[in-house]
Amino acid sequence: MSSRERILGRGSALADVPRDDTPYEEAFERGYLREHGDRSAEQTVALLAENLADYRAVVHRCAEAELPAVIGGLLAGRGSRTVVVPPGLEPSWLAAADAEQVADRSENTPAELDRVDSVVTACAVAVAETGTIVLDAGPDQGRRRITLVPDHHICVVRVPDQVVSSVPQALQRLDPARPLTWISGPSATSDIELDRVEGVHGPRTLEVVLVGGQASVEVNS
């Protein structure tokens, strides 16, 4: 063992643990609650919408057949002339969009993405108790940077299939080897006087479209 390895070893919290000790994951019983309360699927979706709105996301609900018109209307209302599109996004979602579509490519530079008005993605899962959308860079979500650089993100969540109550339930659905992005509302920070500033580390505006069997409705604005 080198001197470097000995020094680094002293800084490890497990340095003095015997090699034959009980494995860490088995050392303690973790009887955590996997969700808080007994909710129906519709109640879980309603809680997601409520918590998303609490984080200042703009939430819309619509039926599957209405989705192209809703996305087209959101882009038009924003005045978006360009929109980034992941390679696996359902083409029909943008059938009513009037904006120029920019493909998500590895060659896209930050400056190019910064000039794009909006991005439309799907998601991997949504967590009702925390109002969180999780992306895993799947084909319909694209590279992480396309949801961090443009100022306006429209994210589509299929309800109730993609909605879970809690973070533990979400983790069961996710692959930890994938690049996971956890989004709770638009990017925001506060200075020492607690003045909120949005759009610092990601999109200034997050619009979430909950797609299910209901007619079109805006949950908040």
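Residues numbered from 1 in each chain as written. Predicted model: local features only at pLDDT ≥ 70, side-chain atom pairs only at ≥ 80, totals over all residues. Heavy atoms only, no water.

1. Overview of the pattern of salt bridges
The final tally for this structure, using the stated rule, is eight salt bridges. Residue Arg143 is joined to Asp104 by a salt bridge in which the shortest nitrogen-to-oxygen separation is 3.2 Å. With Arg143 in the loop between strand E6 (132–135) and strand E7 (152–158) and Asp104 in the loop between strand E3 (100–103) and helix H4 (110–114), this residue pair connects regions lying 39 residues apart in the sequence. Look at Asp104 and you get buried, because its relative accessible area is 8%. Taken together, the shared-partner salt bridges in this structure form one network comprising Arg78, Asp151 and Arg204. (Salt bridge = Lys/Arg side-chain N within 4 Å of Asp/Glu carboxyl O. Helix = DSSP H or I, 4+ residues; strand = E, 2+ residues; numbered from the N terminus. Buried < 20%, exposed > 50% of the residue type's maximum accessible area, 1.4 Å probe, protein only.)

2. What about the state of the cysteines?
Taken as a whole and judged by the stated rule, the model has zero disulfides. Unpaired in terms of disulfides, Cys155 finds its nearest cysteine sulfur in Cys123, a separation of 4.8 Å. When its relative accessible area of 0% is taken as the criterion, Cys155 is described as buried. (Disulfide = S-S within 2.5 Å.)

3. Observations regarding the nonpolar core
Counting residues in each nonpolar core, the largest one holds 20 residues, and the members touching the most others are Leu48, Leu52, Ile133, Val157, Val163, Val208 and Leu210. In terms of residues, this core owes the most to one element, helix H2 (residues 41–54), which gives five residues. Listed in part, the 19 residues of the second largest apolar core include Val70, Ala97, Ala99 and Ala122. (Core = buried A, V, L, I, M, F, W, Y, C linked by side-chain atoms within 4.5 Å.)

4. Focus: H2
Helix length check: H2 (14 residues) gives 20 Å between terminal C-alpha atoms against 20 Å at 1.5 Å per residue, within 8%. The complete set of buried residues in H2 reads Thr44, Val45, Leu47, Leu48, Ala49, Asn51 and Leu52. Where H2 is buried, its residues meet strand E1 (58–63), strand E5 (125–127), E6, strand E8 (163–164) and strand E12 (205–212). Just downstream of H2 lies Arg56, where phi reads positive at about 75°. (Expected span 1.5 Å × (residues − 1). Contact = heavy atoms within 4.5 Å.)

5. A word on the environment of Ser184
Within the element layout of this structure, Ser184 appears in the loop between strand E9 (181–183) and strand E10 (188–190). Since its relative accessible area comes to 30%, Ser184 is described here as partly exposed. Sequence spacing of Ser184 and Leu52 is 132 residues, and the spatial spacing of their C-alpha atoms is 7.0 Å. Excluding residues within four positions of it along the chain, Ser184 makes contact with Tyr55, Thr130, Gly131 and Thr132.

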